[in-house]
Amino acid sequence: MPRCIVTRRVHFNAAHRVHNPKCSDEWNRKTFGVCNNPNYHGHNYELDLSVEGEIDPETGYVMDLNGLKELAQERLLQHLDHKNLNLDVPWFQELIPTSENIALVCWRELRAALPAHLTLRLRLWETPRNYVDYEGA
Ligand code: NI
């Protein structure tokens, strides 16, 4: 069966502070620079959700992208959009909200909601110039 990758791009705004509470303030300032600003800063995140699988001969789809959009809303965006990631989102109570960790958490949440025969990969854009890819592991 032919395989395809289909992608839905979703968007959220969020504030964060990149900070490791186990390290000193000086270490944090040196390591994270402006991203360590104590009063947080915001990003317009873009998240590309790519699903790979066989084309279903009955529908012609790998997956209905409208269904993927709704899953993203329910599993990810309602928890992240217009939030302070450090303060509002339990996923980051023990995890520094870098792009890497945001991508990892989003992958885990969405993966759990997808049929097992589909492969999921994510690309999280923190700025138009910086992005992170994650596909499990
Ligand atoms: Ni940032």
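Residues numbered from 1 in each chain as written. Predicted model: local features only at pLDDT ≥ 70, side-chain atom pairs only at ≥ 80, totals over all residues. Heavy atoms only, no water.

Caption draft 1: Highlighting the overall build of the protein chain. Looking only at helices and strands, the protein chain has 4 helices and 5 strands in total. Along the protein chain, helices (α) and strands (β) appear in the sequence β-α-β-α-β-α-α-β-β when read from the amino end. A buried classification covers 40% of the 137 residues belonging to the protein chain. Residue pairs in contact within the protein chain that sit at least 24 positions apart in sequence constitute 67% of those at least 6 positions apart. Split by element, the accessible area of the protein chain, about 8200 Å² in all, is 49% carbon and sulfur. Of the side chains in the protein chain, 15 bear a positive and 19 a negative charge, and the two mean positions are spaced by 5 Å. (Helix = DSSP H or I, 4+ residues; strand = E, 2+ residues; numbered from the N terminus. Buried < 20%, exposed > 50% of the residue type's maximum accessible area, 1.4 Å probe, protein only. Contact = heavy atoms within 4.5 Å. Areas by Shrake-Rupley, 256 points an atom, 1.4 Å probe, with all protein chains shown as cover. Lys, Arg positive; Asp, Glu negative; His and termini not counted. Charge placed at Lys NZ, Arg CZ, Asp CG, Glu CD.)

Caption draft 2: Spotlight on the layout of surface pockets. Volume-wise, the largest pocket comes out at about 290 Å³. Broken down by class, the residue content of the lining of the largest pocket amounts to 7 nonpolar, 4 polar and 3 charged. (1 Å grid on protein atoms, 1.4 Å probe; cavity = no way out; pocket = protein on both sides within 12 Å on 5 of 7 lines; lining within 4 Å. Points joined across faces, edges and corners; volume = space filled by probe spheres on them. Nonpolar A, V, L, I, M, F, W, Y, C, P; charged D, E, K, R; others polar.)

Caption draft 3: Representation of the nonpolar core within the structure. Counting 33 residues, the largest nonpolar core has Phe12, Leu47, Leu49 and Val51 as its most contacted members. Per-element tally for this core: the top contributor is helix α4 (residues 99-111), with 7 residues. Setting aside its immediate chain neighbours within four residues, Leu47 contacts Arg8, Arg9, Val10, Phe12, Leu76, Cys106, Leu122, Arg123 and Leu124. (Core = buried A, V, L, I, M, F, W, Y, C linked by side-chain atoms within 4.5 Å.)

Caption draft 4: Structural context of the environment of Val132. Residue position: Val132 is located in strand β5 (residues 131-134). In this structure, Val132 is in contact with Ser99, Glu100, Ala103, Leu122, Arg123 and Leu124, ignoring residues within four places of it in sequence.

Caption draft 5: Representation of the packing of aromatic side chains within the structure. In this structure the tally under the stated criterion is 4 aromatic pairs. Ring centres 4.8 Å apart and planes at 20 degrees place the aromatic pair Phe12 and Tyr45 in the stacked group. In this pair, Phe12 is assigned in strand β1 (residues 3-16) and Tyr45 in strand β2 (residues 41-54), connecting sequence segments 33 residues apart. For the pair Phe12 and Tyr45, a shared accessibility class is recorded, and that class is buried. Between the aromatic rings of Trp27 and Phe32, the centroid separation amounts to 5.6 Å while the plane-to-plane angle is 90 degrees, which identifies the pairing as edge-to-face. (Phe/Tyr/Trp six-rings, centres within 6.5 Å; stacked < 30°, edge-to-face > 60°.)

Caption draft 6: Spotlight on the side chain of Asn84. Note on placement: Asn84 falls in strand β3 (residues 83-84). At 3.0 Å, the side chain of Asn84 forms a polar contact with the backbone nitrogen of Leu87. Setting aside anything within four residues of it in sequence, one finds Asn84 in contact with Ala15, Tyr40 and Val89. (Polar contact = N/O pair within 3.5 Å; in protein donor to acceptor, adjacent residues only side chain to side chain.)

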